[in-house]
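The primary structure of each chain is shown beneath.
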Amino acid sequence: MFKRFCITLAALFSISVNAEVFVEVVEGIEEPTHIAVVPFGWDGDNALSEDVSAIISNDLRQSGMFKLMAEQDMLSSPERQDQIFFRDWRISGNDYMLVGSLKPSATGVSAHVELFDILSEQKIWAQDIDSEGASLRDVAHYIADQVFQKITGIRGAFSTQVVYVTAQGRGDSRKYRLQMADSDGARSQTILSSNEPIMSPTWSRDGKKLAYVSFETDRPVIYIHHWETGVRQSIQSFKGLNGAPAWDPTGNKLAIVLSKDGNPEIYVLNLISGSLERITRHYGIDTEPTWSPDGRSILFTSDRAGRAQIYSVDLASRVTKRLTFKGSYNSRGRLTQDGRFLTMVHQDSAGYHIAVQELKSGNLRILTSSKDDESPSISPNGVVVMYATKQGGKGVLAGVSLDGKIKFTMPSSLGEVREPAWSPFLN
């Protein structure tokens, strides 16, 4: 069923020095939490390759939920509790503060961090962290995740990654790249470069595999990339459409769209046995599948009612039901991990927007006001939807919280950007 071939990691990844995309918060919550991230002390001879406290500050600031105290306004630089005069920090209007220190260790760099509630003067988290060869940026993202969770009660997603497609140039010289970067746009890497379009990247639930569609052979073919081994695997392509891969919760199956029987339908491919099962049978166009969190049903877009709407099919009974009714067009449905909310592309008289629907009540909220929004992808903690849109006529990535209060854009330094896919938690 499969054609397998291996590409070494060195050949597959071309690591860029500068971030191709970067986060710019354009709207945050009205009353953000005030926090001071004090520059960490460093007990080493050589300068560090990364400013850990600055990365933590940027992560928290870019979440839209925190207001960071400016370093130049800090009266002191404590590294541990016995050096803190809480009154000074309370007068400065801070709710929390993070202090820490770094020192060389046998395996890299060791960090000691402490988080305090300034009003109560209580330590609410402290930890010793050894990089054990990991990047200092990874350490910083981890600390930011812990701070975010201790204060908000929501797991942080700063240590996750984002895959997206860039397109640069025009006509025959147009170049497409499948890129991966940190959630803040840093450390971008080229996974695949092609003169032909690349579409529909999607992560497996365990974060170990990526599926996508490439036209590099002049026809759409679904590929799987295995992160740990560097193996790139092509799925047998059929005549016509081969597209829109979506992983089941186990990572052993893919829902895909095939038109080999004459009409675009949803199929499930078992990657272990190679068996292929047809799921939908309708004269309408069925596409854009995604699995429910429990793996018992598949959501998909269909025009069987005249225009695109989102449906769900129970895999055991094959009972199909329509999920969206508000508006004449709803597509590209994606569920939060708890299965409560469905994000989508929703059309009204002003254009195409990102919207979210609570499945139980059916209540729909339009989250964006731009008119060319597409390809929503939900952060693994269910807080933010990243999507592709247009800014100044150029394709960029953007994000919005599920309550619509936080908005950000991710301008790019390399051409058009589209098709974002947010990774699951990776640790």
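The structure presented is a predicted model; accordingly, all values stated were derived computationally and were not measured.

### Remarks on the environment of Ile310
You can see Ile310 is positioned in strand E23 (residues 309–314). The buried category is assigned to Ile310, whose relative accessible area is 0%.

### Concerning the sheet that holds E23
On the basis of which strands lie adjacent, the open sheet formed by 4 strands has the order E21-E22-E23-E24 and antiparallel pairing. Each edge of the open sheet is held by one strand with a lone partner, namely strand E21 (286–291) and strand E24 (320–322). For this sheet, the mean inter-axis angle between neighbouring strands, taken without regard to orientation, is 30 degrees. Strand direction decides the pairing type here: strand E22 (residues 297–302) and E23, joined by 6 bridges, are antiparallel. Following the sheet pairing, Phe300 is matched in E23 by Tyr311.

### Some remarks on the sheet that holds strand E29 (residues 374–378)
The strands that make up a sheet are held in pairs by hydrogen bonds between backbone atoms, and each pair lies either parallel or antiparallel. In spatial order, the strands read E3-E32-E31-E30-E29; together these 5 strands make up an open sheet with antiparallel pairing. Each having just a single partner strand, strand E3 (24–27) and E29 make up the two edges of the open sheet. Averaged over all pairs of adjacent strands, the angle between strand axes in this sheet comes to 30 degrees, irrespective of strand direction. By the bridge criterion, 4 bridges tie strand E31 (residues 394–401) to strand E32 (residues 407–410) in an arrangement that is antiparallel. Bridge pairing in E32 links Gly399 to Phe408.

### Quick word on the packing of aromatic side chains
The way to describe two aromatic rings as a pair is by their centre distance and the angle between their planes. Counted by the stated rule, this structure contains 7 aromatic pairs. Between Phe66 and Phe148, the aromatic rings sit 6.1 Å apart at their centres with planes inclined by 55 degrees, giving tilted as the arrangement. Residue Phe66 is found in strand E6 (residues 66–68), and its partner Phe148 is found in helix H4 (residues 136–152); the two are separated by 82 residues along the sequence. Residues Phe66 and Phe148 agree in their burial class; the two are buried. Each residue in the set Phe66, Phe148 and Phe158 is aromatic and connected to the rest through ring pairs, giving one cluster. Over the aromatic face of Phe425 sits the side chain of Arg155, whose NZ or CZ is 3.7 Å from the ring centroid. Of note, Lys260 hangs over the ring of Phe238, and the distance from its end group to the ring centre comes to 5.5 Å.

### Notes on the nonpolar core
Core analysis: the largest hydrophobic core is formed by 29 residues, its most contacted members being Ile35, Ile56, Leu60, Leu98, Ile143 and Val147. Of all the elements, H4 adds the most residues to this core, at 8 residues. The contacts of Leu60, once residues within four sequence positions are left out, are Ile35, Val37, Met65, Phe66, Leu68, Ala144, Val147, Phe148 and Phe158. Counting 16 residues, the second-largest nonpolar core is a separate cluster that includes Val163, Val165, Val221 and Tyr223.

### Some remarks on the domain arrangement of the chain
As assigned here, the chain comprises domain 1 (31–152) and domain 2 (161–422). Measuring from the centre of the C-alpha atoms in domain 1 to the corresponding centre in domain 2 gives 36 Å. Carbon and sulfur atoms make up 51% of the area that domain 1 and domain 2 hide from each other, which totals about 610 Å². Three residues, Gln62, Arg137 and His141, lead the burial of domain 1 against domain 2; their summed loss comes to 50% of the area buried on that side. Put simply, domain 1 and domain 2 have 2 salt bridges between them. Across the pair Asp184 and Arg137 runs a salt bridge, and its minimum N-O distance is 3.2 Å. In this structure, the connection of domain 1 to domain 2 is made through 4 residue pairs in polar contact (both at pLDDT 80 or more). At the level of secondary structure, the elements contributing two or more residues to the side of domain 1 that touches domain 2 comprise helix H2 (52–62) and H4. Among the residues forming the side of domain 1 that touches domain 2, the class breakdown is 2 nonpolar, 5 polar and 3 charged.

### Some details on the pattern of salt bridges
For the structure shown, the criterion picks out 16 salt bridges. A salt bridge links Asp138 to Arg187; the nearest nitrogen and oxygen atoms lie 2.6 Å apart. Of this pair, Asp138 sits in helix H4 while Arg187 sits in the loop between strand E11 (175–182) and strand E12 (189–194), and the two are 49 residues apart along the sequence. Since its relative accessible area comes to 34%, Asp138 is described here as partly exposed. With a shortest N-O distance of 2.4 Å, Glu277 and Arg318 are connected by a salt bridge. With Glu277 in strand E20 (residues 276–278) and Arg318 in the loop between E23 and E24, this pair connects stretches of sequence that are 41 residues apart. A relative accessible area of 31% places Arg318 in the partly exposed class.

Calculation criteria
- Residues numbered from 1 in each chain as written.
- Predicted model: local features only at pLDDT ≥ 70, side-chain atom pairs only at ≥ 80, totals over all residues.
- Heavy atoms only, no water.
- Helix = DSSP H or I, 4+ residues; strand = E, 2+ residues; numbered from the N terminus.
- Buried < 20%, exposed > 50% of the residue type's maximum accessible area, 1.4 Å probe, protein only.
- Pairing = 2+ DSSP bridges.
- Axes fitted to C-alpha atoms, helices over the stretch in contact; angles between N-to-C directions.
- Phe/Tyr/Trp six-rings, centres within 6.5 Å; stacked < 30°, edge-to-face > 60°.
- Lys NZ or Arg CZ within 6 Å of the ring centre and 35° of its normal.
- Core = buried A, V, L, I, M, F, W, Y, C linked by side-chain atoms within 4.5 Å.
- Contact = heavy atoms within 4.5 Å.
- Domains from an automatic or database assignment.
- Buried area = accessible area lost by both parts, 1.4 Å probe.
- Salt bridge = Lys/Arg side-chain N within 4 Å of Asp/Glu carboxyl O.
- Polar contact = N/O pair within 3.5 Å; in protein donor to acceptor, adjacent residues only side chain to side chain.
- Nonpolar A, V, L, I, M, F, W, Y, C, P; charged D, E, K, R; others polar.

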